[in-house]
Amino acid sequence: MQKDADGFYTPAAYTAPAEGASEPKNDGDVTDLIKSTFEVAVTLADQQADPNSPLFSAKTFEELGLNPDLLKGIYDMGFSKPSKIQERALPLLLANPPQNMIGQSQSGTGKTAAFVLTMLSRVDYSINKPQALCLAPSRELARQIMSVVVAMGKFTQVQTEYAIKESLPKGASNVTAHIVVGTPGTMTDLIRRKVIDVSAVKVFVLDEADNMLDKDGLGEQTLRVKNMLPKNQVQIILFSATFPDHVRNFANKFAPNANKIELQRNELSVDNIRQFYMDCKNEDHKYEVLVSLYQLLTIGQSIIFCQHRHTADRISQRMTAEGHKVASLHGAKDAQERDAIIDGFREGKDKVLITTNVIARGIDILQVNMVVNYDLPLMAERDNHGNKGDLRPDIETYIHRIGRTGRFGRKGISINFVHDKATWQQMEQIERATGKQIVRIETNDLDAMEEQMKKALK
Ligand SMILES: Nc1ncnc2c1ncn2[C@@H]1O[C@H](COP(=O)(O)OP(=O)(O)OP(=O)(O)O)[C@@H](O)[C@H]1O
């Protein structure tokens, strides 16, 4: 993947499957590459023509009310038809007077384009002040969103700025960019210090909104940003693949009178992600099984999720010492290192990324065809007084984690490691909550395992 002089991803990184620029190379063979990209393009066209698919649309981008410069940007990225969420959300988002939006659509179905096109449509490029703010839960996601803003806005006059750690030089003042993308802590800090003047802000977007509003997470910081924005002039846009009940009420208050696009419970995850599990004997056996999977993990690219940073570090150190090439990323690493690790992974320099929930949401890397839940995602139960109790599976995080594969109609595999009664029960709860079957694969028959996985990816 290429970057331009400013360090942004170039639009080539986001070309559609038909272009083949960012498709997995089977084994470096050009014929295979052309064949595989052709097949992906054909299945994408089929899915976009199937009314039951989240990628379906009866309309063209021209019919959604976008201006010609933005249409140029969209086609330059290789998009040909809108997805369902784009078709449904954009006319509502662009209508006047502006109305708030709470939008839900499965992982990898193109929510980013919906809110980025709204920000780019609403900005008055003759005014050099921030007019659209967008918050995301991680710097990696903020950087990715920015690359979409830049690619889609390529034929506009848009100026952009980050509000993420170490993005602005100390002593910087007076951001004049039209669109600012960042994380809530840094955004709060920059607004407080008047580096960002919010007086002209008219669009406020929360990507991964349920996470951004969760009282256990970023909710307080996000609310702080909202409270600093001018009243009655800001269109509030919330997007996510999940909106669990406990944040829905808050979301409704946060974005009052919003247009809503919602999913049914059984629609939460896409069918093109095949889910498996492997029975491991104990914690240590999990490591051995992971190592035995290495060949398969590197056919395309894969992400291994752990519950704790120290597990991610331990596994990656051990695998590296044993001669395997893996990268690890988590929130305890400093900003520069995090950027280098995710960029290296995007560029395919590393094929296996061992990480925590820090990149469970939003990250879009088309070549990732496998996700491993080395540890199942867990969260603490809360009693009526808000006290933390037993651990239970974190269904939303599970849906987001497996959604790092199977992007925009591609095939993907997720594998859960279970190693005792508790993890087994947790997985059953996940299966029940998502309504999708999780199929067992043998841990001791590598050939059978490979066979089954390749079949799932066909
Ligand atoms: N209309 C389109 N045609 C072709 N490709 C598209 C279209 N819209 C989006 N894409 C591509 O689909 C991929 C997934 O899009 P995006 O990252 O916006 O998904 P998302 O819905 O935000 O997922 P998540 O819930 O995981 O954040 C991206 O690579 C994007 O470039």
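Residues numbered from 1 in each chain as written. Predicted model: local features only at pLDDT ≥ 70, side-chain atom pairs only at ≥ 80, totals over all residues. Heavy atoms only, no water.

*Asks:* Is there a simple way to think about the domain arrangement of the chain in this case?
*Replies:* Interfaces are often sized by the amount of accessible area the parts lose when they come together. Along its sequence, the chain is carved into domain 1 (34-263) and domain 2 (273-456). Its C-alpha centre places domain 1 at a distance of 27 Å from the equivalent point of domain 2. Counting residues at the interface gives 26 residues for domain 1, matched by 23 residues for domain 2. Both faces considered, domain 1 and domain 2 share a buried interface measuring about 2100 Å² in area, 51% of it formed by carbon and sulfur atoms. One can count six salt bridges joining domain 1 with domain 2. Two residues, Arg-143 and Asp-343, come together in a salt bridge whose shortest N-O distance is 3.1 Å. Secondary-structure elements contributing two or more residues to the side of domain 1 that touches domain 2 are α1 (30-48), α5 (139-152) and α7 (209-213). Of the residues belonging to the side of domain 1 that touches domain 2, the class tally is six nonpolar, 12 polar and eight charged. (Domains from an automatic or database assignment. Contact = heavy atoms within 4.5 Å. Buried area = accessible area lost by both parts, 1.4 Å probe. Salt bridge = Lys/Arg side-chain N within 4 Å of Asp/Glu carboxyl O. Helix = DSSP H or I, 4+ residues; strand = E, 2+ residues; numbered from the N terminus. Nonpolar A, V, L, I, M, F, W, Y, C, P; charged D, E, K, R; others polar.)

*Asks:* Would you explain the site of the ligand in this entry?
*Replies:* In the vicinity of the ligand lie 21 residues, with Lys-81, Lys-111, Thr-112, Asp-364 and Arg-407 positioned nearest. Backbone polar atom of Gly-108 to an oxygen atom of the ligand: 2.7 Å apart, as the coordinates give it. Contact with the protein chains covers 96% of the free accessible surface of the ligand, which is 650 Å². Across the shell around the ligand, the residue classes tally to six nonpolar, nine polar and six charged. Residue contributions to the shell around the ligand reach at least three from each of two domains, namely domain 1 (34-263) and domain 2 (273-456). (Near = heavy atom within 4 Å. Polar contact = N/O pair within 3.5 Å; in protein donor to acceptor, adjacent residues only side chain to side chain. Areas by Shrake-Rupley, 256 points an atom, 1.4 Å probe, with all protein chains shown as cover.)

*Asks:* How do you make sense of the environment of Asp-390 when you look at a structure like this?
*Replies:* Counting through the fold element by element, Asp-390 comes out in strand β14 (residues 388-393). Setting aside chain neighbours within four positions, we find Asp-390 in contact with Met-379, Ala-380 and Glu-381.

*Asks:* Would you mind going over the packing of helix α10 (residues 283-292) against helix α12 (residues 309-321) with me for this structure?
*Replies:* Two numbers describe a pair of packed helices, the interaxial angle and the distance between the axes. One can describe the packing of α10 onto α12 by two numbers: an axis separation of 12 Å at closest approach and a directional angle of 50 degrees. Between α10 and α12, the crossing angle belongs to the class labelled oblique. Both α10 and α12 take part in a crossing whose hand is right-handed. Two secondary-structure elements touch here, α10 through Asp-284, Tyr-287, Leu-290 and Val-291 and α12 through Ile-315, Arg-318 and Met-319. Broken down by class, the residue content of the contact of α10 with α12 amounts to five nonpolar, no polar and two charged. (Axes fitted to C-alpha atoms, helices over the stretch in contact; angles between N-to-C directions. Parallel < 35°, antiparallel > 145°, perpendicular 65-115°, else oblique. Left-handed = near helix turned anticlockwise from the far one by under 90°.)

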